[in-house]
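Architecture and fold: a report
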Amino acid sequence: MINSRFFRGFLAVATGVSLAGLTGCSNLPGTPKQQGAVVGGLGGAAAGAAIGGSNHRLLGALLGGALGAGGGYVIGANKDRILQKDTTGAKTATQSAQSQPATAQQAARATTADINNDGFVTLDEVVAMKNAGLTDAQMLERMRATGQVFDLTQEQQQYLEGQGVSQQVVNQMQDLNRETRDQLLNQQQNGVISHPQSQQ
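Now for a look at the structure at hand. Keep in mind it's a predicted model, so treat the numbers as computed, not measured. (Residues numbered from 1 in each chain as written. Predicted model: local features only at pLDDT ≥ 70, side-chain atom pairs only at ≥ 80, totals over all residues. Heavy atoms only, no water.)

Some remarks on the overall build of the protein
Using the following cut-off: Where helices and strands are cited, they refer to DSSP runs of H or I of at least four residues and of E of at least two residues respectively, numbered from the N terminus. Throughout, exposure labels follow a simple rule: accessible area from a 1.4 Å probe, protein chains only, divided by the maximum for the residue type, with under 20% read as buried, over 50% as exposed, and the rest as partly exposed. In this analysis, two residues are considered to be in contact whenever any of their non-hydrogen atoms come within 4.5 Å of each other. Values of accessible area rely on a 1.4 Å probe in the Shrake-Rupley scheme; residue burial ignores everything except the protein chains shown.
From N to C terminus, the protein includes 11 helices and three strands. Listed by position from the N terminus, the elements making up the protein come as α-α-α-β-α-α-α-β-α-α-β-α-α-α. Buried positions account for 49% of the 200 residues belonging to the protein. In the protein, the proportion of contacts linking residues at least 24 apart, taken out of those at least 6 apart, comes to 74%. Entry remark: accessible area of the protein is about 9100 Å², with carbon and sulfur atoms responsible for 48%.

If you want it as structure tokens, here you go:
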């Protein structure tokens, strides 16, 4: 069962981060409305992660719950970050995406989609790859090369598509590194990875 005290507290934190995220995002690609939808979607993503019932929810709980409020911009994370429930790293990745989004030049020089090598992939890094002129196949290969697992909310998908990222890339992202994803889901189901509310 969901710990209601934790859930209310988590949504309050998520909402606070969402509102804070609406300021200082002038460098992030997209209109303020698009950015707001992505950040504002965090509360809904957290709720879905906590009360949903599918395998998608399980990974959403890892990224949106175990990794904390960074879930609004974080769309991928490596296994170690997830196992360590690295909320600090997720928040730092979000702040970096907001204040210093990846550029097309940085994306062109990078070898993976984790352009700043912080163990997370954020929305700005995917947009930067697109702006660098990478093909769909190249973008997917760079995401696969991170070894990370990916999970996108509907708002995040719409944001990426609005920035010119193809539907093919968006659709295939969540199937990348499937073996690692399945291992993490199994570990959570077996109690190796605790549910987010156990952190309180």
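Moving on from the coordinates now.
Points about the sheet that holds strand β2 (residues 120-122)
Short version of the rule: When DSSP finds two or more bridges between a pair of strands, those strands are recorded as paired.
Taken in spatial order, the three strands of this open sheet run β2-β1-β3, and their pairing is antiparallel. Whereas interior strands pair on both sides, the edge strands pair on one side only; in this sheet they are β2 and β3 (149-150).

As for the nonpolar core
Operational definition: Take the buried Ala, Val, Leu, Ile, Met, Phe, Trp, Tyr and Cys residues and link them wherever side-chain atoms come within 4.5 Å; each set so joined is a nonpolar core.
Counting residues in each nonpolar core, the largest one holds 27 residues, and the members touching the most others are Ile75, Val126, Met129, Met139, Met143, Leu160 and Met173. Listed by contribution, the elements that provide at least two residues to this core are α7 (123-131), α8 (136-145), α9 (154-162) and α10 (167-173). For Met129, the residues in contact, after removing those within four places along its chain, are Ala107, Ala113, Ile115, Leu134, Met139, Arg142 and Met143. Of all hydrophobic cores here, the second largest spans eight residues; its members include Val74, Ala77, Val149 and Leu184.

Observations concerning the packing of α7 against α9
This is how it is decided: In this analysis, axes come from line fits to C-alpha atoms, helices being fitted only over the stretch in contact, and the angle between any two N-to-C directions falls in the range 0 to 180 degrees. Roughly parallel means an angle under 35 degrees; roughly antiparallel, over 145; roughly perpendicular, 65 to 115; everything else is oblique. The sense of a crossing depends on the near helix, which, turned anticlockwise from the far helix by less than a right angle, makes the crossing left-handed and, turned clockwise, makes it right-handed. Residues are sorted three ways: Asp, Glu, Lys and Arg are charged, Ala, Val, Leu, Ile, Met, Phe, Trp, Tyr, Cys and Pro are nonpolar, and all the rest, Gly among them, are polar.
Packing of α7 against α9 leaves a shortest axis separation of 10 Å and a crossing angle of 25 degrees. With respect to their mutual orientation, α7 and α9 come out roughly parallel. At the point where α7 passes α9, the crossing takes the right-handed sense. Across the interface between the two elements, Leu123, Val126 and Val127 from α7 touch Gln156, Tyr159 and Leu160 from α9. Here the residues of the contact of α7 with α9 sort into five nonpolar, one polar and no charged.

Notes on helix α11 (residues 178-189)
Worth spelling out the cut-off: A helix is expected to reach a length of 1.5 Å times the quantity of its residues less one. It is the directions from the helix axis to the C-beta atoms that the arc portrays.
The first and last C-alpha atoms of α11 sit 16 Å apart over 12 residues, in line with the 16 Å expected at 1.5 Å per residue. Residues of α11 that are buried include every one of Arg181, Leu184, Leu185 and Gln188, and no others. For α11, the arc enclosing every buried residue in end-on projection is 100 degrees, short of the 170-degree limit, so these residues lie on one face.

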